[in-house]
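# Fold and geometry: a report
Next come the chains, spelled out residue by residue.
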Amino acid sequence: MLVSYRWLCELLPDLKLPVKELAERLAQAGLPVDGITHVGAGIQGVVIAEVRAIEPHPERDKLRLVTLDTGAGTQRVVCGAPNVPDPGGRVVLATLGAKIPAFPEPLAPRKLGGILSEGMLCSLKELGLGEATEGIWVLDAKAPAPGTPLLEAYPFLEDTILDLDVTPNRGDALGHVGIARDIAACLSLPFAQPTALPKAATTPSKLSDLIEIVNMDFDRCPTYAAGLALDVKVGPSPLWLQLRLQNLGIRPISNVVDITNWILMEFGQPLHAFDLNHIAGGKIVIRRAAAGESFRTLDGVARSLDADDLVIADAEKPLALAGVMGGADSEINNSTTKVLVECAYFDGRGVRRSARRHGLHTESSHRFERGTDRGAITQVLARALSLLAEYAGASVAPEQLKSERNAYSSPKIQLRHERLENLLGTHIPFDQALGILNRLGFKTSPSKDPQGKATAEVLGTSYRHDIRIEADLIEEVARVAGLDSIEPKLPPIIPQKPTEAGQLERKATAAAMALGLSEALTYNFVSRKDLEAVKAPPPVVTIKNPMSEERSVMQTSALPGLLDALRRAQRHGEESMRLFSVAPRFLAPVSEVYSERGARARPRLPEDLASLPEERPTFTAVLAGKRAEYLAPKPAQFDVFDAKAIAVRIVEQLTLSSSTVAALDATLAPHLHPRAAGQVLLGTLRVATFGALHPDVTEALEIDGSVQVVEVDLAALETIAVRTPKYQTIPRLPPVTRDISLVVEEGISAGEVQTVIREAAGELCESVELIATFKGGSVPADHRSLTYHLVFRDPLARKAPDQARTLTDKEVDAAHEKVTSVASKKFGATLRA
């Protein structure tokens, strides 16, 4: 938001604060200033001069010699402008030594066509005050006497423009009146809102005889008002108005259009002016567009409207895209004499949708999206009509037409002094707080509650629609009083026990970091295309107003974000990448305590909530590149066994239980390579998957080399995870160990064999570990040898050491023989010699 310091001074005559100090105070009040630009300050040595004589140049046909009265004598300059006025006309002269934006160095005499020119007649562009024109700046007959410095004659040429960063909730700060109100509250200055100027003339014509307003959508347009100006003389605006709009980034067009933009920048209220002669049927109709209805906007683009678009139409056609842009068919031109001025309140959400749909972000849509002052419609319209009377010679109809349903009602908010001080953590006298609110335009009624504590009923305002609750009022008090005036205090230390919510996720994060993985913080919202690329389940949650198409749905897999981070790391030359994230997946609703995924998803929900998507916490890791190995001759690539080790370690660290590894059906994890994928089981419950990323995925995402993936379903571990580990006594009795080498068919997984061995060995078996695999030699083709290390010990050795005993060889041999027998029956396994 560009703000004119001169305009603020006109609204606040007692404002004497230098610009830099004002910028600091605005920043303290929540309106930071991003930049300050001085306009016209660089004009030095420029005066008003009067033309005395004009002679042709003896050498150049396009140049003329102009003799000027400078107030201190006469001076001759060489000028090529086609619009030098006749003798007696007033012009702007840059004298020798003058500094103007068009020339970085002081102006010096120079020869043009062999004749010395002692100065320069200037255009607005050369003075840095306007756009390029064909000629010089010719002043009117009322210009001050020759020799008067230009900035002394026209002080409005000099201004300071502040670039404010206005937050989306502060729609009131998108106009000079709202900013002036804030400054007045902060500095305790008197402030009065601008009112309508005395009208030059009124017309006896009744607007209701010419126009009927038909509002067919009060939800999107709860208030619509219109006023009429007749006998309008369309022409250029006064120079001061043109320059003021230009300094604020708005191109001057004509007096009528410029006045609507003046109101826009003054009150933050968009207006629109229609040529009354182009309104068919004597009707203004507020309605939804028909799907595919054609409409040409002021920028000359023919647009196909959507059924959700709100339009201002006449009896035959759309005249404007409500709150966004007017139509070319009813725009003001030089032949316009009858102007219908619209001043309305449009629902910001609908305006935002239309603006985004048609790619139109205008000054109007920017303000309607953030909220305008619905309660000031009549007053703003009256001021606009009076300005048309003042600067366009219009005669104004004495009445306004207004269509409104459910007029704005200000909220009543209770403010408690005790709550104010508790929330801010400092002492602020209640009278001071109420004074701040009064200066901001709120009406306060102080009283006492039944306990005798100070309280007040505060009546909200229509221009601060974001103030709805007590905390909003307290924030306003702190903002205006100055947040820097609140002394910092340490809060009382209240010891808190960590909650169970998120505890498992924190443990998973700690375990992953202990394994040397790096956490990647990624977005939970991705694009449908990303999910399809990693063969993830289709999205079930779509964002209504996404930042972009790349962030339009909630993730059903964390892989898109992790793989994007991995791809970026590869492009920056990283050779070893080990990334993980602990984030939710948003899956299809589950209403049962135990879902199809094999574990408790969440408590049984009421029927009205059972259809909500499931937010399922998941640990996901990706490995790519080279694995660092101590004293290895050359680093090796990450493989599926690295992924397996991480998956097993995470599961066992969180559950303190032994897990088993088994092959994984390719249909359960289509994003993994079918011959390099596995699953981690706790009993029969699948809690994790791991494996190499499918080549189709790496190719689609343009990732170099293979990628290993680990996914641990933390929701499945929720009821199994051990919150507090229990420690056992270190056994004093020695174990009895046995190794067994079984020859099995190659298609049988080592994990499945290990599970059978563990069950067959019975309770005396403390652990089973795969220590070697072998193929070739005496092992038949299509078979392999699996060697397991078994540890036997009395179970009481850890639970009740005093009652434990040393196992005999006979007991261990019996268990060992049973393992051999069961493995032979189950897998056709034979002992390797």
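The sections below set out a description of the structure shown in this document. Quick caveat, the model's predicted, so the values are computed rather than measured.

## Observations regarding the nonpolar core
Core analysis: the biggest nonpolar cluster contains 80 residues, and L127, W137, Y154, L164, I179 and L388 have the highest contact counts within it. Among the elements that line this core, the one with the most residues is helix α10 (residues 377-391), at 8 residues. With residues near it in sequence (within four places) discarded, Y154 still touches I48, W137, L139, A143 and P144. In this structure, L207, L228, L340 and F346 belong to the second largest nonpolar core, which totals 35 residues.

## Description of helix α2 (residues 19-28)
Looking only at α2, the buried set comprises V19, L22, A23, R25 and L26. Buried residues along α2 cover an arc of 165 degrees about the axis, so they all sit on one side. Of the residues in α2, the exposed ones pointing more than 90 degrees away from the buried face are K20 and E24. Contact partners of the buried residues in α2: α1 (5-11), β2 (33-39), β11 (159-164), α4 (176-187) and α13 (470-481).

## Details of helix α11 (residues 417-424)
Because an α-helix packs 3.6 residues into every turn, residues spaced three or four apart end up facing the same way. For α11, the full list of buried residues reads H417, L420 and L424. Along the axis of α11, the buried residues cluster in a sector spanning 60 degrees; they form a single face. Contacts from the buried residues of α11 go to β24 (412-416), α12 (430-439), β26 (454-459) and α13.

## Some thoughts on the sheet that holds strand β39 (residues 783-792)
Two pairing modes exist for strands in a sheet, parallel and antiparallel, and in both the strands are linked by backbone hydrogen bonds. Here we have 4 strands laid out as an open sheet, ordered β38-β39-β37-β40, and antiparallel in their pairing. Strands at the two margins of the open sheet, each flanked by one partner only, are β38 (765-774) and β40 (830-831). Two strands pair when backbone bridges link them, and strand β37 (residues 736-745) and β40 are joined in this way by 2 bridges, in the antiparallel orientation. Looking across to β40, one finds that L742 is bridged to L831. On top of the sheet, helix α20 (residues 750-761) reaches β37, β38 and β39; it is set at about 35 degrees to β39, its chief contact. In the packing of helix α22 (residues 809-827) onto the sheet, the strands contacted are β37, β39 and β40, and the crossing angle to β37 comes to about 15 degrees.

## Some points on the pattern of salt bridges
If you walk through the whole model with that rule in mind, you get 44 salt bridges. Residue D696 pairs with K535 through a salt bridge whose shortest N-O separation is 3.8 Å. One end of the pair, D696, is in helix α18 (residues 695-700); the other, K535, is in the loop between α15 (528-533) and β29 (553-554), and 161 residues separate them in sequence. A relative accessible area of 31% places K535 in the partly exposed class. Salt bridges here are not isolated pairs; linked through shared partners, they connect R170, D172, D182, R464, D466, E476 and R479.

## Describing the sheet that holds β2
Reading across from one edge, β1-β11-β2 is the order of the 3 strands in this open sheet, with antiparallel pairing throughout. At either margin of the open sheet sits one strand with a lone partner, and together these are β1 (2-4) and β2. Here the average twist between neighbouring strands, direction ignored, is 25 degrees. For β1 and β11, the ladder comprises 3 bridges, and the chain directions are antiparallel. Among the inter-strand pairings, V3 is bridged to a residue of β11, identified as L162. α2 contacts β2 and β11 of the sheet and is inclined by roughly 20 degrees relative to β11.

## Some points on the packing of aromatic side chains
Summed over all chains, the structure comprises 8 aromatic pairs. With centroids separated by 6.0 Å and ring planes inclined at 35 degrees, the aromatic side chains of W137 and Y154 adopt a geometry described as tilted. Of this pair, W137 sits in the loop between β9 (120-121) and β10 (138-139) while Y154 sits in the loop between α3 (150-153) and β11; the two residues are 17 residues apart in sequence, bridging distant segments of the chain. Taken as a pair, W137 and Y154 share a single burial class, namely buried. One aromatic cluster is present, built from ring pairs that chain together W137, Y154 and F156.

Conventions used here
- Residues numbered from 1 in each chain as written.
- Predicted model: local features only at pLDDT ≥ 70, side-chain atom pairs only at ≥ 80, totals over all residues.
- Heavy atoms only, no water.
- Core = buried A, V, L, I, M, F, W, Y, C linked by side-chain atoms within 4.5 Å.
- Buried < 20%, exposed > 50% of the residue type's maximum accessible area, 1.4 Å probe, protein only.
- Helix = DSSP H or I, 4+ residues; strand = E, 2+ residues; numbered from the N terminus.
- Contact = heavy atoms within 4.5 Å.
- Arc of directions from axis to C-beta.
- Pairing = 2+ DSSP bridges.
- Axes fitted to C-alpha atoms, helices over the stretch in contact; angles between N-to-C directions.
- Salt bridge = Lys/Arg side-chain N within 4 Å of Asp/Glu carboxyl O.
- Phe/Tyr/Trp six-rings, centres within 6.5 Å; stacked < 30°, edge-to-face > 60°.

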